Amino acid sequence: MRVSARFSGIGTTIFTQMSALAAKTGAVNLGQGFPDTDGPPGMLAAAAAAIEGGRNQYPPLDGLPELKTAVAAERVRRFGMAYDVDSEIVVTAGATEAITAALLGLCDPGDEVILFEPYYDSYAASVAMAGARHRSVPLRPIDGRFTFDPDDLRRAVGPRTRVLVLNSPHNPTGKVFDRAELDLIAAVCREHDLIAVTDEVYEYLTFDVAHVPLASLPGMRERTITISSAGKTFSCTGWKIGWALAPADLVVAVRKAKQFMTFAAGTPLQAAVAQALTDELDWVDGLNTRLREARDQLRTGLEKAGVSTYACDGTYFLQADVASFGHTDGLELCNDLAVRGGVVAIPTQVFYDDPASGSGLIRFAFCKRPEVLDTAVRRLSAYLGSA
Ligand code: PMP
Ligand code: GLN
């Protein structure tokens, strides 16, 4: 089969590969990040009611008005930021579509996009689809916490740089960018007239630290496309309902691309997410507490078994050291761990331009029930004991 040059270097996503390996081996799947419990019952009931009630045809291109209104109201409540429901919000098929549409809508061939590395795998693919190039700014651990060197960021900006993508809370490191880091990023965006595309899908899943949207910093609202989705906030990753908020001219860029990608998706699910954003935020508080406990359970279990881990202030994910397992390469370790250890993790190296830069790390997802994490920890301890 002949694949276009644009996709020739792009394989099947690691999440699909590792979930298939988990299914084949019967390993506990701490790879692909999805919860193993359902979202708020009220939201599920609202989706069922919308289907039963005949809301099964196309939604408007921009999304159901009730969802856009709920998104706008949530931003005002939480951050005091006002977005116009008619011109500054667009609903997408998950955050993934919003990110791809933003990059396609903004970049010309040869333009450059800044990514913090390791980066969520869809970013590099979307940049490539747009015919643009990405430049990576490394996040490196200092005292167990990932951070970046401001000089690396400044050096990454060139005459063709058009967009900076910021993902906070950050997959795969579990880092939440703090105010000083955000100030620095904002200053670079303002100085070089960059557009920021922020991926905030884990915005509600921070533990003891605040999530600060980049758009809330001085001079940033007018140059930021803020992207989020329902998948993580309401434990419905299979629904793929996302949205982008931005000034009208930037929303136009997203919409132009999105209208020919999916046009629109998920009418009854959009209705249910509108209900959840309005009525289910207490449920999200409970999810946050459970996830923090899950993080602690997995982290403590790993450390007790002799595995070094890194700080995780948000998301579903914990980074662990490959060397603790007596291995040098994360991909080899993950394959062996699935087959002989009965646990699937993600080799962090797939989120780097050069796999060698991330070969010493693997990522565990802790968005699972306590008994599942318990089984995983027991299996990992046994694997380490037998290594
Ligand atoms: N961004 C990040 C950082 C993610 O981890 C994910 C995975 N859920 C996505 C985007 C995709 O979000 P969605 O499922 O809403 O497309
Ligand atoms: N965001 C999920 C993760 O990082 C995976 C989503 C997907 O499979 N595309 O695990």
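Computed from a predicted structure; not experimentally measured.

J.: Is there a simple way to think about the sheet that holds strand E13 (residues 346-347) in this case?
T.: Whenever strands of a sheet pair, they do so through backbone hydrogen bonds, lying parallel or antiparallel. The 3 strands are arranged E11-E14-E13 in an open sheet whose pairing can be described as antiparallel. Two strands bound the open sheet, and with one partner strand each, they are strand E11 (317-321) and E13. For E13 and strand E14 (residues 361-365), the ladder comprises 2 bridges, and the chain directions are antiparallel. The partner of Ile 346 across the bridge, within E14, is Arg 363.

J.: How should I be thinking about the site of ligand 1 in this particular structure?
T.: Among the 13 residues in the neighbourhood of ligand 1, the closest are listed as Thr 96, Asp 199, Tyr 202, Lys 232 and Lys 240. Interatomic distance of 2.8 Å between a backbone N/O atom of Ala 95 and an oxygen atom of ligand 1. Within the side chain of Tyr 202, one N or O atom sits 2.7 Å away from an oxygen atom of ligand 1. Here ligand 1, which alone exposes 390 Å², has 93% of that area covered by the protein. Residue contributions to the shell around ligand 1 peak at 3 residues, all from helix H5 (residues 94-106). Of the residues that constitute the shell around ligand 1, the class distribution is 5 nonpolar, 5 polar and 3 charged.

J.: In this structure, what is going on with the site of ligand 2? I would like to understand it.
T.: The environment of ligand 2 is formed by Phe 15, Gln 32, Gly 33, Tyr 120, Asn 171, Tyr 202, Phe 317 and Arg 363. In the environment of ligand 2, an oxygen atom lies 2.7 Å from a nitrogen or oxygen atom belonging to the side chain of Gln 32. With respect to ligand 2, the backbone of Gly 33 contributes an N or O atom lying 2.6 Å from an oxygen atom. With the chains in place, 79% of the 300 Å² that ligand 2 exposes on its own is no longer accessible.

J.: What should I look at first to understand a nonpolar patch on the surface in this one?
T.: On the surface, Met 1, Val 3, Phe 7, Ile 10, Leu 104, Met 129 and Met 261 cluster together into a nonpolar patch covering about 650 Å² of accessible area. Given the relative accessible area of 36%, Ile 10 is considered partly exposed.

J.: How do you make sense of the sheet that holds strand E7 (residues 161-167) when you look at a structure like this?
T.: Within the open sheet, the 7 strands sit side by side as E2-E10-E9-E8-E7-E3-E4. Their pairing is mixed. Of all the strands in the sheet, the pair left with one neighbour each is strand E2 (89-92) and strand E4 (133-138). Here the average twist between neighbouring strands, direction ignored, is 20°. As judged from the 6 bridges shared by strand E3 (residues 112-117) and E4, these two strands associate in the parallel manner. Directly across from Leu 115, in E4, lies its bridge partner Ser 136.

J.: In this structure, what is going on with helix H8 (residues 179-192)? I would like to understand it.
T.: Along an α-helix, a turn takes 3.6 residues, which lines up residues three or four apart on a common side. Given a rise of 1.5 Å per residue, 14 residues ought to cover 20 Å, and the 20 Å separating the end C-alpha atoms of H8 matches this to within 8%. For H8, the N-terminal cap is Asp 178; the gap from its side-chain oxygen to the backbone nitrogen of Ala 180 is 3.2 Å. One or two steps after H8, the chain reaches Asp 193, where phi turns positive at roughly 55°.

J.: Which parts of the structure should I look at to understand the packing of helix H3 (residues 41-52) against helix H11 (residues 267-279)?
T.: Geometry of a packed helix pair, given as the angle between the helix axes and the separation of the axes. Remark: H3 packs on H11, axes separated minimally by 8 Å, with the N-to-C direction vectors making an angle of 145°. Remark: the crossing between H3 and H11 carries right-handed chirality. Between H3 and H11, the residues in contact are Gly 42, Met 43, Ala 46, Ala 47, Ala 50 and Ile 51 and Pro 268, Leu 269, Ala 271, Ala 272, Gln 275 and Ala 276, respectively. Residue classes in the contact of H3 with H11 are distributed as 10 nonpolar, 2 polar and no charged.

What counts, and where the lines are drawn
Residues numbered from 1 in each chain as written. Chains lettered and ligands numbered in written order. Predicted model: local features only at pLDDT ≥ 70, side-chain atom pairs only at ≥ 80, totals over all residues. Heavy atoms only, no water. Pairing = 2+ DSSP bridges. Helix = DSSP H or I, 4+ residues; strand = E, 2+ residues; numbered from the N terminus. Near = heavy atom within 4 Å. Polar contact = N/O pair within 3.5 Å; in protein donor to acceptor, adjacent residues only side chain to side chain. Areas by Shrake-Rupley, 256 points an atom, 1.4 Å probe, with all protein chains shown as cover. Nonpolar A, V, L, I, M, F, W, Y, C, P; charged D, E, K, R; others polar. Patch = residues over 30% accessible without salt bridge, like charges linked within 9 Å, V, L, I, M, F, W, Y side chains within 5 Å. Salt bridge = Lys/Arg side-chain N within 4 Å of Asp/Glu carboxyl O. Buried < 20%, exposed > 50% of the residue type's maximum accessible area, 1.4 Å probe, protein only. Axes fitted to C-alpha atoms, helices over the stretch in contact; angles between N-to-C directions. Expected span 1.5 Å × (residues − 1). Left-handed = near helix turned anticlockwise from the far one by under 90°. Contact = heavy atoms within 4.5 Å.

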